[in-house]
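Chain by chain, the residues:
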Amino acid sequence: MHHRSFHIVNLGCAKNQVDAEVMASALEGTGWQWSEPESAEVILVNSCSFIEPAQVESIDTTFACIEDYPEARVVMTGCLSQRFGEQLAGEMPELAGLFGNRAPEQITTFLDRVTAGDGTGGPLLHLPAGDGPLTSARRTRLFSHPGSVYIKVAEGCDHRCTFCDIPNIRGGVRTRPAQSIVDEVLDHLDRGALEVNLVAQDLAAYDRPDAPALIRAILGASAERFWIRPLYVYPDAFPLDLVTLSREDDRLLPYFDIPMQHADPEVLRRMGRSGSAGAYLDLVDQIRRRNPAATIRTSIIVGFPGESEESVADLIDFVRAARIDWLGVFAYSPQAGTPAMRWVESGEMPDAEEVRRRREAVETAQQAVVSERLERFVGLHQTVLIEEIVRGSSMALARGPMHAPDVDGLIIVHGIDDTVGPGQMQEVIVRNVRGVDLNAHLTHR
């Protein structure tokens, strides 16, 4: 074990990843040293609390670290700590500490306390309210694929979806001043970033002054070639100016992640949403009219209390009609303390086997859509970002403008040589579709 050494196991979403990078960079900036877990003095498990499987994974991962690395002090950080810190302190006395998600840059002073203590009084807690201005901290260690970076432009959420506990986990919306975001983007571009992924719980809620104005400011600050990918824009107030801007400056990728959650208006009302299949089909149509190259991603929840067979049939009809490029289908996960729990407790939720069947039915409908949507790229030239070289082969894994990190398919690039490496932009021509992936060759081959 090395004194003042640490390791981070990061779980959860891109916003959690940014927090982990802030913690790692803050620690290294004050003399702590990154280490593999077997030699780390402190192991941080940056937890997720969004749905029950994520909570279970966070707890299982934490216990695995405690068991596998008995010499290390294990600290749970992140969303699960923030939400259930006091409860977990009583249930997991093996922990050295519990550190919330509202002020990740404060990890240095917290670990000083952790390492100074003898651990006999139970886990130390640090669960700040985090209701002040959202600040940025320079990140010198990134957990993204080479060439790609997430920039958090806002934190928290003011929406009150009945299935979601994020307002309790991360608080209300706090946005960053536009200039601090522009400065951070320029810093990462200077250090080699080629893809900037803007993340917030809802980019449409960004109000300094608004998301399109923010992106115009970023584009205007640099003449370099790079990608801006806007992630997570709620459908109810989707700013169509974003789509227009993606036609005006192709550095803004026409990739729009719009979490619609369902298509049946009654299910959506229960979810605290105001949409409908008709409204969402109209939004998809408007986006594609403004930019025919647009890629659209959404997420759907099945098995919500009150969802009927007719609701699912309507949802499948919507999936087929909307022809959305990428679709994540999730089984509803009850969250204690959310308004939807009253319907769960009154027995209105379908059983697990029925939910599984509904999920599979929606996914089956989507499979044909994905194949059809991917075919439009065959024969086209594409700029791709190389993520990984496949060992012992002449192939690389890459993403194009139509692929967000870690959630969509990939482009398998054939015919590479030792001049091609991760974090580079390369030009390819797409040859064919393979499942959810595309096969391509470098254009100069």
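For the structure itself, look to the data block above.
Let me begin by describing the structure that accompanies this report. (Residues numbered from 1 in each chain as written. Predicted model: local features only at pLDDT ≥ 70, side-chain atom pairs only at ≥ 80, totals over all residues. Heavy atoms only, no water.)

Some thoughts on the layout of surface pockets
- Taken as a whole, the largest pocket spans an internal volume of roughly 1,200 Å³.
- As for the largest pocket, its lining consists of 44 residues, of which C13, K15, F50, Y232 and F330 are closest to the centre.
- Listed by contribution, the elements that provide at least two residues to the lining of the largest pocket are α1 (14-29), α2 (52-68), α5 (166-170), β13 (295-302) and β14 (326-331).
- Per-element accounting of the lining of the largest pocket gives the leading share, 4 residues, to β13. (1 Å grid on protein atoms, 1.4 Å probe; cavity = no way out; pocket = protein on both sides within 12 Å on 5 of 7 lines; lining within 4 Å. Points joined across faces, edges and corners; volume = space filled by probe spheres on them. Helix = DSSP H or I, 4+ residues; strand = E, 2+ residues; numbered from the N terminus.)

Quick notes on the sheet that holds strand β19 (residues 437-442)
- Spatial strand order, β15-β16-β17-β19-β18: 5 strands in a closed barrel with mixed pairing. In this sheet, neighbouring strand axes are inclined to one another by 50 degrees on average, regardless of whether the strands run parallel or antiparallel.
- Of the strand pairs in this sheet, strand β16 (residues 395-399) and strand β17 (residues 411-414) are connected by 4 bridges, and their pairing is antiparallel. When the bridges of β17 are listed, A398 appears paired with I411. (Pairing = 2+ DSSP bridges. Axes fitted to C-alpha atoms, helices over the stretch in contact; angles between N-to-C directions.)

Describing unusual backbone geometry
- Phi at Y232 is positive, roughly 70 degrees, even though this residue is not glycine.
- Tracing the sequence through the fold places Y232 in the loop between β11 (227-230) and α8 (241-248).
- Look at Y232 and you get partly exposed, because its relative accessible area is 22%.
- You will see that D406, though not glycine, has its phi angle at about 75 degrees, which is positive.
- When you line up the elements, D406 lands in the loop between β16 and β17.
- Residue classification places D406 among the exposed residues on the basis of a relative accessible area of 60%. (Buried < 20%, exposed > 50% of the residue type's maximum accessible area, 1.4 Å probe, protein only.)

As for the pairing of β13
- Counting buried positions along β13 gives 8 out of 8 residues, so the element sits mostly inside the fold.
- Along β13, one buried face is formed by T295, R297, S299 and I301 and the opposite face, lined by I296, T298, I300 and V302, is buried too.
- Here strand β12 (residues 255-257) runs beside β13; their pairing, made up of 3 bridges, is parallel. Pairing of Y255 across the sheet is with T295, part of β13.
- With 6 bridges connecting them, β13 and β14 associate as parallel partners. The residue of β14 that forms the bridge with I300 is V329.
- On the question of chirality, the crossover connecting β13 to the parallel β14 by way of helix α11 (residues 309-322) is right-handed. (Right-handed = clockwise from strand over helix to strand, strands pointing away.)

Overview of the sheet that holds strand β4 (residues 73-78)
- The strand order β2-β1-β3-β4-β5-β6 describes an open sheet built from 6 strands, whose pairing is parallel. Each having just a single partner strand, β2 (33-34) and β6 (124-126) make up the two edges of the open sheet.
- Bridge analysis of strand β5 (residues 97-99) against β6 gives 3 bridges, and the strand direction is parallel. Pairing of G97 across the sheet is with L124, part of β6.

Thoughts on helix α10 (residues 277-290)
- For α10, with 14 residues, the first-to-last C-alpha span of 20 Å sits near the 20 Å given by 1.5 Å per residue.
- Three or more residues of α10 are buried, namely Y280, L283, V284, I287 and R288. Along the long axis of α10, the arc covered by the buried residues comes to 130 degrees, so they all point the same way.
- Looking at the packing, one finds that the buried side of α10 touches α8, β12, α9 (265-271), β13, α11 and α13 (352-374). (Expected span 1.5 Å × (residues − 1). Arc of directions from axis to C-beta. Contact = heavy atoms within 4.5 Å.)

Things to note about the packing of aromatic side chains
- Throughout the structure, instances matching the rule amount to 8 aromatic pairs.
- Geometrically, the ring pair formed by F304 and W343 is edge-to-face, given 6.1 Å between the ring centres and 70 degrees between the ring planes. Of this pair, F304 sits in the loop between β13 and α11 while W343 sits in helix α12 (residues 341-345); the two residues are 39 residues apart in sequence, bridging distant segments of the chain.
- Pairwise contacts between aromatic rings join F163, F304, Y332 and W343 into one cluster.
- Its end group placed over the ring of W343, R270 keeps NZ or CZ at 4.4 Å from the ring centre.
- For the cation-ring pair, R342 lies above W343, with the distance from its terminal atom to the ring centre recorded as 4.2 Å. (Phe/Tyr/Trp six-rings, centres within 6.5 Å; stacked < 30°, edge-to-face > 60°. Lys NZ or Arg CZ within 6 Å of the ring centre and 35° of its normal.)

Thoughts on helix α3 (residues 79-91)
- Along its 13 residues, α3 runs 17 Å from first to last C-alpha, staying within 8% of the 18 Å computed at 1.5 Å per residue.
- In the structure, α3 departs most strongly from a straight axis at G85, where the bend amounts to approximately 90 degrees.
- Of all the residues in α3, the buried ones are C79, L80, S81, Q82, G85, L88 and A89. (Bend = angle between axes of the 7 residues up to and from the residue.)

Looking at the state of the cysteines
- In total, this model carries 0 disulfides according to the counting rule given.
- Here C65 is not cross-linked by a disulfide; its sulfur's nearest cysteine counterpart is in C48, at 16 Å.
- Lacking any disulfide linkage, C161 is separated from the closest cysteine sulfur, that of C164, by 6.1 Å. (Disulfide = S-S within 2.5 Å.)

What about the environment of V436?
- Residue position: V436 is located in the loop between β18 (425-434) and β19.
- As a C-alpha pair, V436 and A20 span 416 residues in sequence and 30 Å in three-dimensional space.

Some details on the packing of α11 against α13
- The interhelical angle for the contact between α11 and α13, taken along N-to-C directions, is 15 degrees, at an axis separation of 9 Å. In this view, α11 runs roughly parallel relative to α13, as classed from their interaxial angle. For the element pair α11 and α13, the recorded crossing hand is right-handed. Touching E309, V312, L315, I316, V319 and R320 of α11 are E354, R357, R358, A361, V362, A365, Q366 and V369, all from α13.
- Across the contact of α11 with α13, the residue classes tally to 8 nonpolar, 1 polar and 5 charged. (Parallel < 35°, antiparallel > 145°, perpendicular 65-115°, else oblique. Left-handed = near helix turned anticlockwise from the far one by under 90°. Nonpolar A, V, L, I, M, F, W, Y, C, P; charged D, E, K, R; others polar.)

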